[in-house]
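Remarks on the overall topology
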Amino acid sequence: MMGWLLINLSVLAKCIIEAKLSQSMILYQLFCGLYILDYFYYEEFMTSTWDIIAERLGFMLVFGDLVFIPFTFSIQGWWLLSNKVELTKAAIIANCLVFLIGYSVFRGANKQKHMFKKDPKAPIWGSPPKVIGGKLLASGYWGIARHCNYLGDLLLALSFSLPCGISSVVPYFYPIYLLILLIWRERRDEARCAEKYKDVWAEYRKLVPYRILPYVY
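Definitions and limits used
- Residues numbered from 1 in each chain as written.
- Predicted model: local features only at pLDDT ≥ 70, side-chain atom pairs only at ≥ 80, totals over all residues.
- Heavy atoms only, no water.
- Helix = DSSP H or I, 4+ residues; strand = E, 2+ residues; numbered from the N terminus.
- Buried < 20%, exposed > 50% of the residue type's maximum accessible area, 1.4 Å probe, protein only.
- Contact = heavy atoms within 4.5 Å.
- UniProt positions renumbered as here; feature names shortened; annotations may be inferred.
- Salt bridge = Lys/Arg side-chain N within 4 Å of Asp/Glu carboxyl O.
- Patch = residues over 30% accessible without salt bridge, like charges linked within 9 Å, V, L, I, M, F, W, Y side chains within 5 Å.
- Areas by Shrake-Rupley, 256 points an atom, 1.4 Å probe, with all protein chains shown as cover.
- Polar contact = N/O pair within 3.5 Å; in protein donor to acceptor, adjacent residues only side chain to side chain.
- Disulfide = S-S within 2.5 Å.
- Phe/Tyr/Trp six-rings, centres within 6.5 Å; stacked < 30°, edge-to-face > 60°.

1. Thoughts on the overall build of the chain
- On a plain count of helices and strands, the chain comes out with nine helices and two strands.
- Reported as C-alpha extents along the three principal axes, the dimensions of the chain are approximately 60 × 40 × 30 Å.
- For the chain, with 217 residues in total, the buried portion stands at 45%.
- For the chain, long-range pairs separated by at least 24 residues make up 76% of all intrachain contacts whose partners lie at least 6 apart in sequence.

As structure tokens, this is what we get:
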């Protein structure tokens, strides 16, 4: 994450030096910067995520964190260095809304899960949490979709690419890659939970039928 931030800042410095700073670059830098700083501010919440619980420390996680994330998640910035994009006010407002909604869902869902694991009786959205089988949270975002945090993450990834416009698919590498990764991860997590929780998981699936996006998937 720090490597990603440093690469982005170097791209920003290049834009300023060459007097090429645009609204698109400002939006991209702002969204990514807030996302990365938020990651470190809520670093404790990582302890209850799939990366720590299920992935374990192996080649995929090490290579992904040290190489793949910083050098591919920054593609939008590199692309904007040589491609000028003029955004309308409507496009800027829409882009900001995508980021804010994505952040609210992503951070809210992860926070609810983490706080539930620390204190299963802590209220969620002002009400006592609904728990299936004494183990699975079915309140808040987790009562909307079984992996609602993935929806937030995808919206955030999309907000990082939208400042680049729609003239090229290259800046959309990150959200496209993340969509494939999260669907694959969601399928693996579903299988793991079905084996671990058995009847409790089946009951949870009936109560919360949607995987990531309500009424769609």
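Now that the structure is up, let's keep going.
2. Observations regarding the UniProt feature "transmembrane region" (unreviewed entry) in the chain
- Under the feature "transmembrane region" (unreviewed entry), the UniProt entry names residues 25-42, 57-81, 87-106, 127-144 and 156-184.
- End-to-end, the C-alpha atoms of residues 25-42 are 26 Å apart, and along that stretch the chain is 94% helix and 0% strand.
- Helix makes up 0% of residues 127-144 and strand 22%. Its end C-alpha atoms lie 15 Å apart.

3. Regarding the pattern of salt bridges
- Under the counting rule described, the total for this entry stands at nine salt bridges.
- Of the charged contacts in the structure, one is a salt bridge between R192 and D189, with a shortest N-O distance of 3.2 Å. Within this pair, R192 and its partner D189 are both found in helix α8 (residues 173-197), separated by three residues, close to a single helical turn.
- A network of salt bridges, in which partner residues are shared, links K14, E18 and K20.

4. Topic: a nonpolar patch on the surface
- Together, L57, F59, V62, F63, L66, V67 and F71 make up a nonpolar patch on the protein surface, roughly 780 Å² of accessible area in all.
- Considering the arrangement of structural elements, one finds F59 in helix α4 (residues 59-72).

5. Brief notes about unusual backbone geometry
- Non-glycine residue A19 carries a positive phi angle of around 55 degrees.
- Unusually for a residue other than glycine, W125 sits at a positive phi of about 55 degrees.
- Following the sequence through the fold, W125 ends up in the loop between α6 (89-118) and β1 (131-132).

6. Remarks on the side chain of N110
- Relative to the helices and strands, N110 resides in helix α6.
- Accessibility expressed as a relative area gives 6% for N110, which makes it buried.
- Only 3.3 Å separates the side chain of N110 from the side chain of N149, close enough to count as a polar contact.

7. Let's talk about the state of the cysteines
- Scanning the entire structure with this criterion turns up zero disulfides.
- Free cysteine: C96, not disulfide-bonded; nearest cysteine sulfur from C32 at 13 Å.
- Residue C96 is classed as partly exposed on the basis of its relative accessible area, which comes to 27%.

8. Some thoughts on the packing of aromatic side chains
- Throughout the structure, instances matching the rule amount to 21 aromatic pairs.
- Taken together, a centroid distance of 5.9 Å and an interplanar angle of 70 degrees make the contact between W4 and F160 edge-to-face. With W4 in helix α1 (residues 2-17) and F160 in helix α7 (residues 148-161), this residue pair connects regions lying 156 residues apart in the sequence. For the pair shown, W4 and F160 are each scored as buried.
- Ring centres of F31 and F99 lie 4.5 Å apart, and the angle between their planes is 10 degrees; this geometry places the pair in the stacked category. In this pair, F31 is assigned in helix α2 (residues 23-41) and F99 in helix α6, connecting sequence segments 68 residues apart. The same class applies to F31 and to F99, which are both buried.
- Here a set of aromatic residues connected by ring pairs shows up, and it is made of W4, Y35, F68, F73, F106, F160, F173, Y174 and Y177.

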